[in-house]
Amino acid sequence: MGARDLFLVGVDVDSMGGSQRVLHTLAQGFAERGHRVDLIGIRPSPEPHTFVADPGYRHTTLYTGPPAPPWRAESFAERLSPARVRAARSERRDRDRARERLAGRFAAAREGLVLIGSPWAAVWLEAVERPHLRGIGQYHESFLQACHSENLRLILRHYPALEKSVFLSAADAAEFRRRRLPNATVMPNPLPFTPAEPAPLDTRRVGAVGRLEEVKRLDRLLDAFAEATVGGGPGGSPGPAGGEGWELHFFGDGPLEPELRARAERLGVAGRVRFRGSVRDMAAAYRELSLVALTSEREGRPMALAEASASGVPCVGFDLSGGVRELVVDGRTGTLVPPGDTAAFTEALRALMTDGALRERYGRAAREHVAPLRLPAVLDRWEALFEEIDR
């Protein structure tokens, strides 16, 4: 198969996040296979992160500054105010310039493919002509998450016109096909790294990876950790044997950090809880851990579970989606409990804390289980999909 022109387009491709990391990982992988790759962000990131030190792909952002936030007039007079009219004209000029830049890039390419990183990017791209380029829509969350946002409507409106729509799990693709999206198929996200050696699992550290925000329900994790280590409250008696000496490490930033710190203080575990912020070398961070925990309200196919498994770190969490079940096989590579059942989660956490042999067995199995998600294997799947589209 010869080299292709590949465009990977997202709204914000440079902020610290899982979907951004995937786009950069794919862009570099495709480039190393000889494809001509453009990674394009529509708007700039307020806090850009460097994912690839020496990229083999072209990387640009279409807006030169942040686009104006959505605005709605409170009155007819306000809508017609000279200042508002001038601002609206300026916004249109910025949008038109950005779309003209992208149209020029598309026009200069041979026949190729556009990988559209999100439903909102698909909306923005609708006004950009690309008759010689075929489109593939991506969605980096679960069907359930789409149902709780505008994304479900946008996917069902914009993705049917594309060649393919790719989702992270077989269960999610099936749900979208049931919603009359016939081009839905499965494409997992690749691992951004493949550790040469598994984590030693002897550090007595539980890790939670992701933004400190409401949907992650890290309050549940703090409660369970306190129950498993100090009896669940300030001044409580020590937990069962094996619970002593454990720490809980949060990897990520977010608005709930002050609240979580205060909760840890109330529960009597503040001295055992570490807030690590955004960490650039997550491969090294996973080697520090003995367990990874997931207590979210909703998840699709969280990369933290795949990355932890690749590092040989077992996971304990809620059974939130088909994507979670594909990454963690309950009783073989980790432990899953019913969503929201904090008592069952606490017991599962305690069991893994107190049984080092079980952690090691799960860790070895987890590492083998996610081997098909290594970058070369996922790139093979992408190239097979490209050939299917050609046919």
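We now turn to the structure provided with this report. (Residues numbered from 1 in each chain as written. Predicted model: local features only at pLDDT ≥ 70, side-chain atom pairs only at ≥ 80, totals over all residues. Heavy atoms only, no water.)

The next point concerns the packing of helix H8 (residues 218–230) against helix H9 (residues 257–267). The geometry of H8 relative to H9 is characterised by a closest axis approach of 10 Å and an angle of 20 degrees between their N-to-C directions. Considering their axes alone, H8 and H9 lie roughly parallel with respect to each other. The two elements H8 and H9 cross, and the hand of that crossing is right-handed. Here Leu218, Asp219, Leu222, Asp223, Ala226 and Val230 of H8 lie close against H9, whose contacting residues are Leu260, Arg263, Ala264 and Leu267. In the contact of H8 with H9, the residues fall into 7 nonpolar, no polar and 3 charged. (Axes fitted to C-alpha atoms, helices over the stretch in contact; angles between N-to-C directions. Helix = DSSP H or I, 4+ residues; strand = E, 2+ residues; numbered from the N terminus. Parallel < 35°, antiparallel > 145°, perpendicular 65-115°, else oblique. Left-handed = near helix turned anticlockwise from the far one by under 90°. Contact = heavy atoms within 4.5 Å. Nonpolar A, V, L, I, M, F, W, Y, C, P; charged D, E, K, R; others polar.)

Taken together, the 7 strands give an open sheet; going across it, the order is S3-S2-S1-S4-S5-S6-S7, and neighbouring strands pair in parallel fashion. The open sheet terminates on both sides in strands that have one partner only, identified here as strand S3 (58–61) and strand S7 (184–186). Recorded for the sheet is a direction-independent mean angle of 25 degrees between the axes of neighbouring strands. Bridge count for strand S1 (residues 5–10) against strand S4 (residues 112–116) is 5 bridges, and the pairing is parallel. Bridge assignment links Asp5 to a residue of S4, and that residue is Gly112. (Pairing = 2+ DSSP bridges.)

Close approach of charged atoms allows side chains of opposite charge to pair. Applying the stated criterion to the full structure yields 25 salt bridges. Between Arg134 and Asp390 there is a salt bridge, with its nearest N and O atoms 3.9 Å apart. Taken together, the residues Arg134 in strand S5 (residues 133–138) and Asp390 in helix H15 (residues 375–390) connect sequence positions 256 residues apart. Among the salt bridges present, the one from Glu257 reaches Arg261, with a minimum N-O distance of 2.9 Å. Of the two residues, Glu257 and Arg261 are both situated in helix H9; the distance of 4 residues between them amounts to about one turn of the helix. Several salt bridges share partner residues, and in doing so they unite Arg205, Glu247, Arg274, Arg276 and Glu288 into one network. (Salt bridge = Lys/Arg side-chain N within 4 Å of Asp/Glu carboxyl O.)

Summed over all chains, the structure comprises 11 aromatic pairs. Ring geometry for Tyr139 against Phe176: centres 6.4 Å apart, planes inclined by 80 degrees, an arrangement best described as edge-to-face. Linking Tyr139 in the loop between S5 and helix H5 (143–147) with Phe176 in helix H7 (residues 170–178), this pair joins segments that are 37 residues apart in sequence. A residue is classified by how much of its surface remains accessible, and Tyr139, at 3% relative accessible area, is buried. One aromatic cluster is present, formed by Tyr139, Phe143, Phe167 and Phe176 through successive ring pairs. In this structure, Arg99 packs its charged tip against the face of Trp124, placed 4.9 Å from the ring centre. (Phe/Tyr/Trp six-rings, centres within 6.5 Å; stacked < 30°, edge-to-face > 60°. Buried < 20%, exposed > 50% of the residue type's maximum accessible area, 1.4 Å probe, protein only. Lys NZ or Arg CZ within 6 Å of the ring centre and 35° of its normal.)

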